[in-house]
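# Remarks on the overall topology
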Amino acid sequence: MNGRPAPHVPRRRLLPAVLSEERPRPRRIRERPDAWRLAVATVCFGAFMGQLDASIVTLTYRSLSTEFHASAAAVEWVSLAYLLTLVALLVPVGRLADAHGRKLFYLNGFALFTVASAACGLAPSLPVLVGARVVQAAGAAMMQANSVALVTTSAPRGRVRAALGVQAAAQALGLALGPTVGGALVSAVGWRWVFVVNVPVGVVALVAGRYLLPRTRGRAASGGFDRLGPVLLAITTTGLLLALSGASGLPFPGWSVAVLLVLAAVAGRAFLWCLEHRPRPLLDPALLRSRTVVAGLAGALCDYLVLFGPLVLVPAALTAAGSSELLAGLVLTALPAGFALAATCAEKVLPAALSDRARCVLGALVCVGALAATAALPLTAFPLVPMLALLGLGLGVYTPANNATVMAAIPARASGTGGGLINMARGLGTALGIALVTLALHLSGGDGPRWAVVALLPFALLALAAAALGRPGGGAAGTADDG
């Protein structure tokens, strides 16, 4: 009215600054020579909790069925809803994080995961619990899509593989402790504490992430992406996972498995068409033209299939032979223990000049040998312990080197998308490993455990082939912001 500019009215924050802005680390932190180690240790919070949560929830099924008067099929949706949501969101969330900040998405993801964990622990009914698990999975996707990217952009170029090994060891530790911690919590204080235990860890991780994680320096263009792409990707992954679950025993009509597979195939083909023909696609089509990236993602899928298959196979084989569940759990611990040992110690034991590709080949060969020997030996506790430990050693060598190979072939500005792709491949491998072993046990009668081992062997060979076909790429390391 009087020609003066209107006074600036600041916008009211909907979120605290720590969750709405990507702030730098304090100078005294970022100037430390070991600042990258602190960042990797912080990411390990999420890696540990993600695998702990994946393996701990199955221990609640019996209690949930009793408290909510629900069938086993209904209770299974507590895990299935989480896995479906997680796999569907990993790539879109990684793309958004590349544009808006990986630290920001990681911290918001942990906050959402923590709040949803509390909601799970307080759930008054099974539908509310399943809904809270969907929200929890959305938070987990925000963490997991950025975990590999944060590690590779925080560590110095020559230490990326070692840093990814530490992260893989944290995952293996969570996987190993899940059944023990879950059983103790359910027995001592009830199933709700399986979820509530995430809350204090989440609070600590938020504080650590605020001060120890670096800001994102290299960002992708923020012009958005084709909204049809995420929908088609979600239909593809959901259809595939539901079909696998139906084939492995989830009570779906027989015809529905075929329908779901056709739906997944059609949606997947449409997704690939969108990548080539739609403006601003969800993924840069060049990523899927890279032999190194495609081979590495195939290797990640086979890697986690071979890792998770025995988690179903070993307890079934031993308890069917009359062993206790306690003994089965102790025997199974050899697998993640070997994984963690190799993931953390391979850098000190293997020659420094050994390339990532050579390490992948070596790890896959060990896996093939371990599975072949397991198929030939009696499936009892005594021979299973060394074979599972050997399999874990092979996987522990393979996983960090394979992740480093994929991330080195992806531009640093798209590392969140790359991390999302890796974790999506892992999620599909996890589901396929569980479904494949469950199906083999269901169809093969008394010889089911041995046929399940035989069924895992071709995927170890595929991981070996993927390692042999891959090519070394450029580097994504050393791109973290100095703040």
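Residues numbered from 1 in each chain as written. Predicted model: local features only at pLDDT ≥ 70, side-chain atom pairs only at ≥ 80, totals over all residues. Heavy atoms only, no water.

### Remarks on unusual backbone geometry
Of note, the phi angle at His-69 is positive, near 50°, even though the residue is not glycine. Its location among the elements puts His-69 in the loop between helix 4 (61–68) and helix 5 (72–75). With relative accessibility at 74%, the residue His-69 sits in the exposed group. (Helix = DSSP H or I, 4+ residues; strand = E, 2+ residues; numbered from the N terminus. Buried < 20%, exposed > 50% of the residue type's maximum accessible area, 1.4 Å probe, protein only.)

### Some words on the pattern of salt bridges
Tallying each qualifying case throughout the model produces four salt bridges. Ionic pairing is found between Arg-32 and Asp-34, a salt bridge with its closest N-O pair at 2.9 Å. Overall, the relative accessible area of 24% leaves Asp-34 in the partly exposed class. A salt bridge links Arg-161 to Asp-356, with the shortest nitrogen-to-oxygen separation between them at 2.6 Å. Placement of the pair is Arg-161 in helix 9 (residues 160–188) and Asp-356 in helix 18 (residues 356–376), with a sequence separation of 195 residues. One exposure class covers both Arg-161 and Asp-356, and it is buried. (Salt bridge = Lys/Arg side-chain N within 4 Å of Asp/Glu carboxyl O.)

### Quick look at the confidence of the model for the chain
When pLDDT drops low, the exact placement of atoms in the prediction is not to be read closely. Considering every residue of the chain, the mean pLDDT works out to 80; 87% of them sit at 70 or more. Mean pLDDT values for the elements of the chain range from 54 in helix 1 (residues 17–20) up to 92 in helix 18. Counted against residues more than four places away or in other chains, residues 473–482, with its pLDDT under 50, gives 37 contacts. (pLDDT = per-residue confidence, 0-100. Contact = heavy atoms within 4.5 Å.)

### As for the packing of aromatic side chains
Scanning the entire structure with this criterion turns up five aromatic pairs. Summarising the aromatic geometry, the rings of Phe-110 and Phe-113 are spaced 6.4 Å apart at their centres and angled 90° between planes, so their arrangement reads as edge-to-face. Of this pair, Phe-110 and Phe-113 both sit in helix 7 (residues 102–122), separated by three residues, roughly a single helical turn. Exposure class is identical for Phe-110 and Phe-113. Each is buried. Here the aromatic cluster, defined as three or more aromatic residues joined through ring pairs, consists of Phe-68, Trp-191 and Phe-195. Above the face of the Tyr-211 ring, Arg-210 is positioned so that its terminal group lies 4.9 Å from the ring centre. (Phe/Tyr/Trp six-rings, centres within 6.5 Å; stacked < 30°, edge-to-face > 60°. Lys NZ or Arg CZ within 6 Å of the ring centre and 35° of its normal.)

### A short note on the nonpolar core
Considering soluble globular proteins, one finds that nonpolar side chains tend to be buried as a cluster. With 66 residues, the main nonpolar core has Leu-86, Val-91, Tyr-106, Leu-241, Phe-271 and Met-424 as its most contacted residues. Examining the composition of this core, we find that 10 residues originate from one element, helix 6 (residues 77–100), more than from any other. Leave out the neighbours within four places in its chain, and Leu-241 touches Leu-83, Leu-84, Val-87, Leu-428 and Ala-431. With 47 residues, the next largest nonpolar core counts Leu-307, Leu-332, Cys-360 and Ala-466 among its residues. (Core = buried A, V, L, I, M, F, W, Y, C linked by side-chain atoms within 4.5 Å.)

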